[in-house]
Amino acid sequence: MEDAGKKAVTEGVDCKIPVTEAWIRKHRLLYDGATRHPFIRSIRDGSVDFTSFKRWLGQDYIFVRSFVPFAASTLVKSSKESGDGLDMEVILGGMASLNDEINWFKNEASKFHVSLTSVVPQKPNIKYCRFLENLTSSEVEYPVAISVFWAIEVVYQESFAHCLEEGNMIPEELQATCERWGNEGFGTYCKTLREIADRCLQKASPEVISKAEVAFLSVLEYEVDFWNMSVGEA
Ligand SMILES: Cc1ncc(CNC=O)c(N)n1
């Protein structure tokens, strides 16, 4: 305790835990609900229903396409930040992966005989996409946008990295899906996004921080609804 106090004095503003860490602690149940959903657990233990997987695949393709304009709007905001310009490069890298991802979806869909052109977006997906569209406005502050960006990416990263943990029984056909978001590189990318978000939030006003927290919670709720929709419970 005394040590912690000294540290705070010598390091000044760095004594507090990062904002994203505080959010996760405070909203642990919802965070776990989004990152340890029964659908994800079923992929990990091999009991996954392929109808659910195909439904998820088609819906997620639609989602990813609407994630792109949101990512682009966040990129624009990052480019206006005073700083070393590294934020923009990280987001640009993320957008390059989204480009690969769209092609990956097309390829997977054809393997699973899912016709992406005839997928009808389901209500939870439509709502999530609309939420993202609203966040593309230039009125939405950068700390809010980057927090949402991180939250969206980290839910998939944590979910699929969990699938890959030791002792998994992932069906062979789904191994590549788990690796897509569960790989180490994607993990590092999410950590970097989180550092960027925390740095922005640290400088933000209490109003902006609280807007970002509300948006973070919305992401978690939308993600749970998205998984529910995939298993046919929406
Ligand atoms: C519903 C949802 N949430 C997060 C991601 C991961 N980000 C981009 O791919 C995703 N693909 N889909």
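Structure shown above.
Residues numbered from 1 in each chain as written. Predicted model: local features only at pLDDT ≥ 70, side-chain atom pairs only at ≥ 80, totals over all residues. Heavy atoms only, no water.

Caption draft 1: Up close: the overall build of the chain. On a plain count of helices and strands, the chain comes out with 11 helices and 0 strands. Ordered by position from the N terminus, the helices and strands of the chain form the series α-α-α-α-α-α-α-α-α-α-α. For 234 residues, the compact-globule estimate of 2.2 N^0.38 gives 17 Å, and the chain sits close to it at 18 Å. A principal-axis box enclosing the C-alpha atoms of the chain has dimensions of 60 × 40 × 30 Å. Relative to its 234 residues, the chain shows a buried fraction of 47%. Accessible surface, the chain: about 12100 Å² in total, of which carbon and sulfur atoms supply 54%. Each charge class in the chain was averaged separately, 25 positive and 35 negative side chains, and the resulting centres sit 4 Å apart. (Helix = DSSP H or I, 4+ residues; strand = E, 2+ residues; numbered from the N terminus. Rg over C-alpha atoms; globule rule 2.2 N^0.38 Å. Buried < 20%, exposed > 50% of the residue type's maximum accessible area, 1.4 Å probe, protein only. Areas by Shrake-Rupley, 256 points an atom, 1.4 Å probe, with all protein chains shown as cover. Lys, Arg positive; Asp, Glu negative; His and termini not counted. Charge placed at Lys NZ, Arg CZ, Asp CG, Glu CD.)

Caption draft 2: Just the pattern of salt bridges, in detail. Following the criterion strictly, the structure yields 7 salt bridges and no others. Its salt-bridge partner being E213, residue K26 comes within 2.7 Å of it at the nearest N-O pair. You can see K26 sitting in helix α2 (residues 19-26) and its partner E213 sitting in helix α11 (residues 206-230), a full 187 residues away along the chain. Owing to a relative accessible area of 15%, E213 belongs among the buried residues under this scheme. We note a salt bridge from R28 to D32, for which the minimum N-O separation is 3.1 Å. Of the two residues, R28 and D32 both sit in helix α3 (residues 28-35), 4 residues apart, roughly one turn of that helix. By relative accessible area, which is 40% here, R28 ends up partly exposed. Sharing partners across several salt bridges, the network here consists of E21, R25 and R194. (Salt bridge = Lys/Arg side-chain N within 4 Å of Asp/Glu carboxyl O.)

Caption draft 3: Fine view of the site of the ligand. For the ligand, the full set of nearby residues is D60, F63, V64, L98, E101, Y128, I152, E153, Y156, W181, E223 and F226. One of the side-chain nitrogen or oxygen atoms of Y156 is found 3.2 Å away from a nitrogen atom of the ligand. At a separation of 2.7 Å, a nitrogen atom of the ligand approaches a polar side-chain atom of E223. For the ligand, the accessible surface in isolation is 310 Å², of which the surrounding protein chains cover 100%. The set of elements that each furnish at least two residues to the shell around the ligand consists of α5 (50-79), α6 (86-111), α8 (142-164) and α11. Classifying every residue of the shell around the ligand by side-chain character gives 8 nonpolar, no polar and 4 charged. (Near = heavy atom within 4 Å. Polar contact = N/O pair within 3.5 Å; in protein donor to acceptor, adjacent residues only side chain to side chain. Nonpolar A, V, L, I, M, F, W, Y, C, P; charged D, E, K, R; others polar.)

Caption draft 4: Region of the structure containing α2. Burial in α2 covers these residues: V19, T20, W23 and I24. One face of α2 carries all of its buried residues, which in axial projection span an arc of 135 degrees. Along α2, exposed side chains directed more than 90 degrees from the buried face belong to R25 and K26. Elements that come into contact with the buried residues of α2 comprise α3, α8, α10 (184-203) and α11. (Arc of directions from axis to C-beta. Contact = heavy atoms within 4.5 Å.)

Caption draft 5: Structural context of the environment of F226. One can find F226 in helix α11. The exposure class assigned to F226 is buried, which follows from its relative accessible area of 1%. Taking the C-alpha atoms as reference points, F226 and K127, 99 residues apart in sequence, are found 9.8 Å from one another. The residues contacting F226, other than those within four sequence positions of it, are W56, Q59, D60, F63, N125, Y128 and Y156.

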